[in-house]
Amino acid sequence: MGANGERLLEVRGLKTYFHTQAGVVKAVDGVSFDLDRGEALAVVGESGCGKSVTALSILNLIPDPPGKVEEGEVIFEGRNLLELSDREIRQVRGNHIGMIFQDPMTSLNPVFTIGNQIREPIQIHLGLSRKEAKQRAIELLEMVEIPQAEKRYKMYPHEFSGGMRQRAMIAMALSCEPMMLIADEPSTALDVTIQAQIMELIGRLQREINLAVMLITHDLGVVAGVAEAVLVMYAGKVVEYADIGRVYYNSRHPYAWSLMRSVPRMDEKRERLLTIGGSPPSLINLPPGCSFSPRCPFAEEICSEQEPPLVEAEPGHLSACHFARDFERHGKGVED
Amino acid sequence: MRLPDHGGPEDLMPGKEQPDLLGPEIEEFELELEKEQIHGRTALWSDVWYRLRHNKLAIVGIVIIIVLFLVAIFAPLLATHDPLYSPLYDSTVSSAEKAGAVKQTPNSEHWLGTDQLGRDIYSRLVHGSRVSVEVGIVAVLISLLIGLLFGALAGYFGGWGDSVIMRSADIFFAFPTVLGAIVIMTVLGPGLINVFIAIGVLGWATIARIFRSSILSVKENEYVEAARAMGASHARIIWKHIMPNSIQPIIVYATMGVGGAILAEAWLAFLGLGQQLPAPSWGNMLSEYLVYYTTDPWMMFIPGTAIVLSVLAFILLGDGLRDALDPRLKGSV
């Protein structure tokens with residue numbers, strides 16, 4: 001949402017479907033958002049809402065078949081990534097857009113040393129010699145705060161702890177000085193203290209090297225410290241898109257609103273956590289009207305009849321709810 | 001009641017003199033420990049060699065294989081006679097001498113005796129080892145080349161190419177190797193080069209199948225996706241990220257396959273399709289000597305034993321490698 005910087009990435013009407021035997025799974029169904037240079041955007045939502053598929057679609061990494069990007073544009077630095085050839089998109093991957101994955105335990109190849117693997121993208125994209133690449137890899141390990149980088153360079157992944165591996169993954173993703181980092185649940189598989197360290201590291205790198213970050217997570221606490229804008233997804237669609245403060249304190253969508261209220265807080269005494277009833281809908285058979293309506297505490301007749309458009313509830317605050325504009329009043333009325 | 005003086009939390013407050021906790025020394029010590037672990041534990045191949053060394057049968061296999069290779073390499077030096085020289089066709093040898101020269105039992109002049117044409121069996125055996133070693137290596141290399149290529153294409157890319165490749169492999173499976181080889185040899189004609197081709201081509205299907213299934217599981221790993229996200233090409237991903245993680249069953253199978261190829265060559269030579277007489281190979285020696293099994297049975301046991309021992313050696317080594325490469329397979333070794 002940041003209007004201050006230079007536009008780096010524009011995603012417009014992205015639709016990624018999976019053609020399965022059971023039917024067409026609309027994993028991503030018309031998602032649009034922007035990312036500026038140096039901006040951090042969080043994409044939140046529950047498992048299976050299309051967060052990761054959105055990220056993979058940007059880099060054209062959807063396994064085809066069964067997946068396919070049906071429609072939409074991914075404009076990165078003026079080029080539509082979805083129209084690039086195999087060779088051209090490989091130049092973008094790793095070189096201009098780095099990506100890190102959820103489970104650092106499995107995203108490193110067990111048979112090569114850490115150094116060898118960090119060196120790989122450097123040699124692929126920057127064409128440095130082995131020796132120069134090694135020097136750079138050691139610098140990168142130092143940048144992600146791995147102590148004794150020179151010694152660690154020669155070690156194998158199984159000799160690293162989870163947090164260290166994720167740091168190594170970040171070093172690998174940043175090895176070619178990309179302008180953008182996609183972090184797909186980078187801290188989910190780590191314990192809480194390490195989570196905080198990894199998020200702090202990503203935040204620091206974002207500021208220091210002016211990195212645009214697309215942070216995918218289902219942990220709202222993780223988002224708070226790093227992101228500037230939040231994109232809330234539900235059943236493959238964007239339901240709310242605004243600055244982090246607005247989504248956290250002045251949500252205009254019942255799903256995001258319920259999500260915020262189901263986060264445990266230290267400064268509030270509550271007997272039970274609020275939960276969102278029901279389960280996410282099947283992406284093959286979406287309920288008519290608003291996908292969230294069967295679980296929505298505020299649902300009215302119109303919700304199961306018409307699909308709400310994504311509208312500007314207030315300047316710079318998009319929400320896909322029939323009652324987005326007077327959400328506060330509407331919600332309060334129901335709650336009381 | 002007063003508690004004994006343990007030193008309260010205020011002792012740990014900043015500003016208070018801290019005892020030296022040996023920080024750097026401990027770190028130094030841990031470093032040493034890690035270094036030891038790296039060299040003692042992490043290198044896959046030294047690990048494999050360690051486990052192999054403690055497997056007696058595998059060592060027997062390795063020793064036989066080394067001897068076999070040395071014999072094949074130094075055959076001209078080790079042979080005591082010309083393997084093709086037959087006194088029967090030598091006009092300078094008298095008829096009486098000719099009669100005494102054939103089918104001699106082992107003696108100091110002819111270590112393993114002489115055959116029905118008076119040729120030195122030991123020298124023929126030594127020269128024949130070359131054929132077996134060549135067939136074993138070349139045929140398996142051909143199988144590997146075709147099998148790995150098609151296995152990788154089928155496993156990595158999937159789709160209709162996978163179906164076409166694996167159904168073709170099924171067709172090859174339908175033929176018993178020797179029968180298939182006979183068919184190919186009949187088309188190509190007898191001769192050693194054609195033996196390489198026949199055995200090699202027939203072996204690809206198993207290797208392709210093993211490699212494909214191994215790739216199918218390895219390619220789902222996140223590090224493969226991570227490599228794709230870093231912009232690595234398909235060839236690079238297959239070669240660098242998938243191959244090293246899926247090659248172990250292939251190593252085992254290929255080792256045993258060398259034994260299989262030696263046996264198949266012996267079969268073909270036995271049927272007169274391999275190495276052509278008078279040049280010796282273990283298979284054609286066996287087929288020649290088998291004729292005399294009622295009168296001089298010891299003759300056929302000489303090439304027979306050589307074939308059995310070499311095939312067994314490769315199977316023992318392959319078996320040992322399987323255990324050594326996968327420590328989980330047999331509990332602790």
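Calculation rules
- Residues numbered from 1 in each chain as written.
- Chains lettered and ligands numbered in written order.
- Predicted model: local features only at pLDDT ≥ 70, side-chain atom pairs only at ≥ 80, totals over all residues.
- Contact = placed C-beta atoms within 7 Å.
- Helix = DSSP H or I, 4+ residues; strand = E, 2+ residues; numbered from the N terminus.
- Nonpolar A, V, L, I, M, F, W, Y, C, P; charged D, E, K, R; others polar.
- Core = buried A, V, L, I, M, F, W, Y, C linked by C-beta atoms within 7 Å.
- Buried ≥ 20, exposed ≤ 12 C-beta atoms within 10 Å, placed from the backbone.
- Pairing = 2+ DSSP bridges.
- Axes fitted to C-alpha atoms, helices over the stretch in contact; angles between N-to-C directions.
- Parallel < 35°, antiparallel > 145°, perpendicular 65-115°, else oblique.
- Left-handed = near helix turned anticlockwise from the far one by under 90°.
- Right-handed = clockwise from strand over helix to strand, strands pointing away.
- Expected span 1.5 Å × (residues − 1).
- Arc of directions from axis to C-beta.

Caption draft 1: Region of the structure containing the interface of chain B and chain A. Listed by partner, the interface residues are 15 residues for chain B and 21 residues for chain A. If you list the elements that add at least two residues to the side of chain B that touches chain A, you get α10 (222–229) and α11 (234–246) of chain B. If you tally residues by element for the side of chain B that touches chain A, the top one is α10 of chain B, at six residues. Classifying every residue of the side of chain B that touches chain A gives six nonpolar, six polar and three charged.

Caption draft 2: Expanded view of the nonpolar core. The biggest cluster of nonpolar side chains holds 179 residues, and the ones touching the most others in it are Leu41, Leu215, Val230 and Leu231 of chain A. No other element matches helix α6 (residues 121–157) of chain B, which puts 16 residues into this core. Those residues in contact with leucine 215 of chain A that sit more than four places away from it in its chain are Ala40, Leu41, Ala42, Val43, Ala183, Val223, Val226 and Ala227 of chain A.

Caption draft 3: Structural view of the sheet that holds strand β1 (residues 7–20) of chain A. Residue and element names in this part refer to chain A. Ordered in space as β2-β1-β4-β5, the four strands form an open sheet in which the pairing is antiparallel. Here the strands that pair on one side only, and so sit at the sheet edges, are β2 (23–36) and β5 (79–80). With two bridges joining them, strand β4 (residues 67–76) and β5 adopt antiparallel strand pairing. Counted as the bridge partner of isoleucine 75 is asparagine 80 from β5.

Caption draft 4: Structural view of the pairing of strand β10 (residues 237–243) of chain A. All names here are of chain A. Among the seven residues in β10, six count as buried, and that is most of the element. Relative to β10, strand β9 (residues 229–234) runs antiparallel, the two being bridged by six bridges. Bridge assignment links valine 232 to a residue of β10, and that residue is glutamate 240. Here β9 hands over to β10 after two residues, with alanine 235 in that stretch at a positive phi of 50 degrees. Pairing analysis gives two bridges linking β10 to strand β12 (residues 317–319), with the strands arranged antiparallel. Of the residues in β12, the one forming a bridge with glutamate 240 is serine 319.

Caption draft 5: Expanded view of unusual backbone geometry. Residue and element names in this part refer to chain A. Located in the positive-phi region is asparagine 210, a residue other than glycine, with phi close to 55 degrees. Structurally, the position occupied by asparagine 210 is in the loop between α7 (192–208) and β8 (212–217). Residues other than glycine seldom take positive phi values, yet alanine 235 does so here, at roughly 50 degrees. By the element assignment, alanine 235 lies in the loop between β9 and β10. The exposure class assigned to alanine 235 is buried, which follows from the 23 C-beta atoms found within 10 Å.

Caption draft 6: Region of interest: the packing of α10 of chain B against α11 of chain B. All names here are of chain B. Running from amino to carboxyl end, α10 crosses α11 at an angle of 150 degrees, the nearest separation of the two axes being 10 Å. As the angle between them shows, α10 and α11 are arranged roughly antiparallel. Of the two elements, α10 crosses α11, and the hand of that crossing is right-handed. For the pair α10 and α11, contact is made by Tyr223, Val224, Ala227 and Arg228 and by Ile237, His241 and Ile242, respectively. Taken together, the residues that form the contact of α10 with α11 break down as five nonpolar, one polar and one charged.

Caption draft 7: Fine view of the environment of glutamine 197 of chain A. Residue and element names in this part refer to chain A. Mapped onto the fold, glutamine 197 is located in helix α7. On the basis of neighbour count, glutamine 197 is assigned to the partly exposed category, with 16 C-beta atoms found within 10 Å. Residues glutamine 197 and histidine 317, 120 residues apart in the sequence, show an inter-C-alpha distance of 30 Å.

Caption draft 8: Spotlight on the pairing of strand β7 (residues 180–184) of chain A. Residue and element names in this part refer to chain A. For β7, the buried fraction is high: five of the five residues fall into the buried class. On β7, burial covers both faces: Met180, Ile182 and Asp184 on one face and Leu181 and Ala183 on the other are all buried. Pairing analysis gives four bridges linking strand β6 (residues 97–100) to β7, with the strands arranged parallel. Bridge pairing in β7 places methionine 99 opposite isoleucine 182. Where β7 and β8 come together, five bridges link them in parallel fashion. By the bridge assignment, methionine 180 is partnered in β8 with alanine 212. As for the winding sense of the linkage, the β-α-β connection from β7 through α7 to β8 is right-handed.

Caption draft 9: Region of interest: the environment of leucine 125 of chain B. All names here are of chain B. Its place among the elements puts leucine 125 in helix α6. Separated by 177 residues in sequence, leucine 125 and isoleucine 302 have C-alpha atoms that sit 8.1 Å apart. Not counting chain neighbours up to four residues away, the residues in contact with leucine 125 comprise Leu112, Ile302, Pro303 and Ala306.

Caption draft 10: A look at the sheet that holds β8 of chain A. Residue and element names in this part refer to chain A. Overall, mixed pairing links the eight strands, which are arranged β6-β7-β8-β3-β9-β10-β12-β11 in an open sheet. Where the open sheet ends on each side, the last strands, each with one partner, are β6 and β11 (311–314). On average, each strand axis in the sheet is tilted by 20 degrees relative to the strand beside it, whichever way the strands run. Strands β6 and β7 of the sheet are contacted by helix α6 (residues 162–173), whose axis makes an angle of about 165 degrees with β6.

Caption draft 11: Representation of α11 of chain B. Residue and element names in this part refer to chain B. For α11, with 13 residues, the first-to-last C-alpha span of 16 Å runs short of the 18 Å given by 1.5 Å per residue. Turning to α11, its buried residues number three or more, namely Ile238, His241, Ile242, Asn245 and Ser246. Among the structural elements, α6, α9 (192–218) and α10 are those in contact with the buried residues of α11.

Caption draft 12: A look at the environment of glycine 318 of chain B. Residues and elements named next belong to chain B. Considering the arrangement of structural elements, one finds glycine 318 in helix α14 (residues 298–325). Since 21 C-beta atoms lie within 10 Å of it, glycine 318 is described here as buried. Spatially, the C-alpha atoms of glycine 318 and methionine 243 are 19 Å apart, while their sequence positions differ by 75 residues. Setting aside residues up to four positions removed in sequence, glycine 318 forms contacts with Val252, Thr255 and Met256.

Caption draft 13: Local environment of α7 of chain A. Residue and element names in this part refer to chain A. Taking 1.5 Å per residue, 17 residues should reach 24 Å; α7 reaches 24 Å between its end C-alpha atoms and fits that length. Listing the buried residues of α7 in full gives Ile198, Met199, Ile202 and Gln206. Around the axis of α7, the buried residues are gathered within 95 degrees of arc, so they sit on the same side. Of the exposed residues in α7, the ones pointing more than 90 degrees away from its buried face are Thr193, Arg207 and Glu208. In this structure, the buried side of α7 is in contact with β3 (40–44), α6, β7, β8 and α8 (220–226). Two residues or fewer past α7, asparagine 210 is found with a positive phi of approximately 55 degrees.

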